[in-house]
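Letter by letter, the chains look like this.
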Amino acid sequence: YSNFIDSLRVYVRGGTGGMGYPNLGGEGGRGGDVWFVAREKTTLKSIKEKYPHKRFIAGTGANSSVKALKGEKGKDREVHVPLGISVLDDEGKQIGELNAAGEKFLAARGGLGGSLATNFLPCKGQRRTVHLDLKLIADVGLVGFPNAGKSSLLSKISHAKPEIANYAFTTIQPELGKIMYADYKQISVADLPGLIEGAHANKGMGHKFLKHVERTKQLLLVVDISGFQLSIKTQFRTAFETILLLTKELELYKEELVTKPALLAINKMDLPCAKDNLDELMTQLEKPQDFLHLLEEEMIPANTLEFREVIPISTYTGEGIEELKACLRKSIDEQAEQANEEYRKKKLLLLQTSQ
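Here the residue index of a chain counts from 1 through its sequence in written order. Two thresholds apply to this predicted model, a pLDDT of at least 70 for residue-level local features and 80 or more for giving and counting side-chain atom pairs, whereas whole-chain, interface and lining totals are computed over all residues. Hydrogens and water are ignored here; the side-chain numbers use all heavy atoms of the structure.

- Identification of the protein as GTP-binding protein 10 from Sinosuthora webbiana is taken from an unreviewed UniProt entry.
- UniProt positions are given in the numbering used here, feature names are shortened, and annotations may be inferred rather than shown by experiment. If you open the UniProt record of the protein and go to Sequence similarities (unreviewed entry), you find "Belongs to the TRAFAC class OBG-HflX-like GTPase superfamily. OBG GTPase family."
- Turning to the protein, the UniProt record has this under Subcellular location (unreviewed entry): "Nucleus, Nucleolus".

**Overview of the overall build of the protein**
1) Next: In this description a helix means any DSSP run of H or I spanning at least four residues, a strand means any run of E spanning at least two, and both kinds are numbered starting from the N terminus. Assigned secondary structure in the protein consists of six helices and 14 strands.
2) Next: Exposure is judged per residue with a 1.4 Å probe applied to protein chains only, and the accessible area is read against the type maximum: over 50% gives exposed, under 20% gives buried, and values in between give partly exposed. The buried share of the protein, taken over its 355 residues, is 46%.
3) Next: Within the protein, contacts between residues at least 6 apart in sequence are counted, and of these 71% link residues at least 24 apart.
4) Next: We get accessible surface area from the Shrake-Rupley algorithm with a probe of 1.4 Å; when it comes to residues, only the shown protein chains can shield them. In the structure as shown, the protein presents an accessible area of about 18800 Å², 52% of it carried by carbon and sulfur atoms. Contacts between residues were defined by any pair of non-hydrogen atoms, one from each residue, lying within 4.5 Å.

**Some words on the pairing of strand β10 (residues 175-180)**
1) Next: In this sheet, strand β11 (residues 186-191) lies alongside β10 in antiparallel orientation, the contact comprising six bridges. Its bridge partner lying in β11, E175 is registered against D191.
2) Next: Should DSSP find at least two bridges between two strands, the strands are taken to pair. Between β10 and β11, which follow one another and run antiparallel, lie five residues, and Y184 among them has a positive phi close to 75°.

**Considerations on the sheet that holds strand β2 (residues 34-38)**
1) Next: The sheet built from three strands is open, its strands ordered β4-β2-β7 with mixed pairing. Each edge of the open sheet is held by one strand with a lone partner, namely β4 (77-81) and β7 (104-108). Put simply, the sheet's adjacent strands are angled 30° from each other on average, direction ignored.
2) Next: Relative to β4, β2 runs parallel, the two sharing five bridges. Bridge pairing in β4 links F36 to V79. Note on definitions: angles span 0 to 180 degrees between N-to-C directions of axes, and those axes are lines fitted to C-alpha atoms, for helices only across the stretch in contact.

**A closer look at the environment of I47**
1) Next: Among the secondary structure elements, I47 is positioned in helix α1 (residues 44-50).
2) Next: You can call I47 buried: its relative accessible area is 4%.
3) Next: Residues within four places of I47 in sequence aside, it is in contact with L8, F56, H80, V81 and P82.

**Points about empty space enclosed by the protein**
1) Next: Space inside and on the surface of the protein is sampled on a 1 Å grid over the protein atoms alone, with a cavity defined as a set of points where a 1.4 Å probe fits but cannot get out and a pocket as an open set with protein on both sides within 12 Å along at least 5 of 7 lines; lining residues have an atom within 4 Å of a point. Grid points are joined across faces, edges and corners, and a volume is the space filled by probe spheres set on the points. On inspection of all chains with the given rule, the structure shows one cavity of 30 Å³ or more.
2) Next: Roughly 50 Å³ of volume is contained in the largest cavity.
3) Next: At the level of secondary structure, the elements contributing two or more residues to the lining of the largest cavity comprise β12 (216-224) and α4 (239-253).
4) Next: For the lining of the largest cavity, the element with the highest residue contribution is β12, accounting for three residues.
5) Next: Gly counts as polar in this scheme, as do all residues outside two lists: the nonpolar Ala, Val, Leu, Ile, Met, Phe, Trp, Tyr, Cys and Pro, and the charged Asp, Glu, Lys and Arg. Here the residues of the lining of the largest cavity sort into seven nonpolar, three polar and one charged.

**So, the pairing of β12**
1) Next: In terms of burial, β12 is largely enclosed, as eight of its nine residues are buried.
2) Next: Two strands pair when backbone bridges link them, and β12 and strand β13 (residues 262-267) are joined in this way by six bridges, in the parallel orientation. Along β13, the bridge assignment pairs V222 with A265.
3) Next: Orienting the strands away from the viewer, one traces the path from the first strand over the helix to the second; a clockwise path indicates a right-handed crossover. Note on the crossover from β12 through α4 to β13: the handedness is right-handed.

**Some points on helix α2 (residues 150-157)**
1) Next: Most of α2 sits out of view: six of its eight residues are buried.
2) Next: For α2, the secondary structure elements touched by its buried residues are β9 (138-143), β10, β11, β12 and α6 (321-354).

**As for the side chain of D224**
1) Next: The topology assignment puts D224 in strand β12.
2) Next: Look at D224 and you get buried, because its relative accessible area is 11%.
3) Next: For D224, the side chain forms a polar contact with the side chain of S226, separated by 2.7 Å.
4) Next: Only 3.2 Å separates the side chain of D224 from the side chain of K268, close enough to count as a polar contact.
5) Next: Once you skip the residues sitting within four places of it in the chain, D224 turns out to touch N147, A148, A239, N267, K268 and L271. Whenever two N or O atoms come within 3.5 Å, that pair is a polar contact, provided that in protein one can donate a hydrogen and the other can accept it, and provided that, for residues adjacent in sequence, both atoms are side-chain atoms.

**Comments concerning the side chain of E251**
1) Next: Topologically, E251 is positioned in helix α4.
2) Next: In summary, the charge assignment counts Lys and Arg as positive and Asp and Glu as negative, without counting His or the chain termini. Definition used for salt bridges: Asp or Glu carboxyl oxygen within 4 Å of a side-chain nitrogen of Lys or Arg. Look at E251: it is buried, it has no salt bridge, and the nearest opposite charge is K248 at 4.3 Å.
3) Next: A distance of 2.9 Å separates a polar atom in the side chain of E251 from the backbone nitrogen of A302.
4) Next: Once residues lying within four places of it in the same chain are set aside, the contact partners of E251 are V258, P301, A302 and N303.

**A closer look at the nonpolar core**
1) Next: L221 and L250 are the most contacted members of the largest nonpolar core, which has 34 residues in total.
2) Next: Of all the elements, α4 adds the most residues to this core, at seven residues.
3) Next: The contacts of L221, once residues within four sequence positions are left out, are V143, I243, L246, L263, L264, A265, L305 and F307. Take the buried residues of types Ala, Val, Leu, Ile, Met, Phe, Trp, Tyr and Cys, join any two whose side-chain atoms come within 4.5 Å, and each joined set is a nonpolar core.

Below you can see the structure in the form of structure tokens.
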């Protein structure tokens, strides 16, 4: 995770208010506020580099004087943060989030200026330590065990150039790519660090990976048709077992993840015996309940994922890549249309009840 930061702890303090003027009943200006403002092309890494002390303090309110009985408010401090930020307090409780460019969050309020109510003495601004937690926002999140071919797939379908090699953890930081279609439609795809068994309990990349899945609209599971084995010390898993294990990890981390629309890409179809393995896998996926007895009880998810499409692909030969891109487009468009329909119904219902 050397070049990528998805969590940052910062100190924020609102400005102190200005002094009041007891003789003439003058009020000091309020202290400035600290605001987080969502901006595109901003990263937590750039904030850390620009402000190594990670302290953000707003301006002090102006004192009341004979010339200006009402002191001016202190200068606000704006901190530009990336889109997809959750703001957490020191106890880990979420106190705000910023998802769209221009959205603002009041991180620390300025103190009141001195007035009759405060015996003309100013109040200090709010001060606290907060955590900026980044969750990538993408249309599609690639989910799979290490070496399933997610990075290769991302480089095939988009303009992203992730590092690709034949060892387990090639992806150690989230990678974003965009699929460009002929009609200029774009779909963003996030290749996320490979899961391993026990990721829900923060093993391996654990929560660093899983939290990014929360913000994706859809899931694309990428599975090696020949199965998966992390190392000689771990058990070999067939493609069917891999799918169930991935489902189990998502479910244990957060049940709602399993309700997201999902597609399945069966990779490495260029390998020998891939066709036979695919036939066996399709039989198992049609009636998963009939094959659950093959697995240990703790591996079985409460709900199996319903895949909108199952697409056999090979990132080596390019087989199925265009079909996969078309399926992703269709699935995203259908989801958007469904959301629009629900929004229209909601508006209609509000209109009817108000009348």
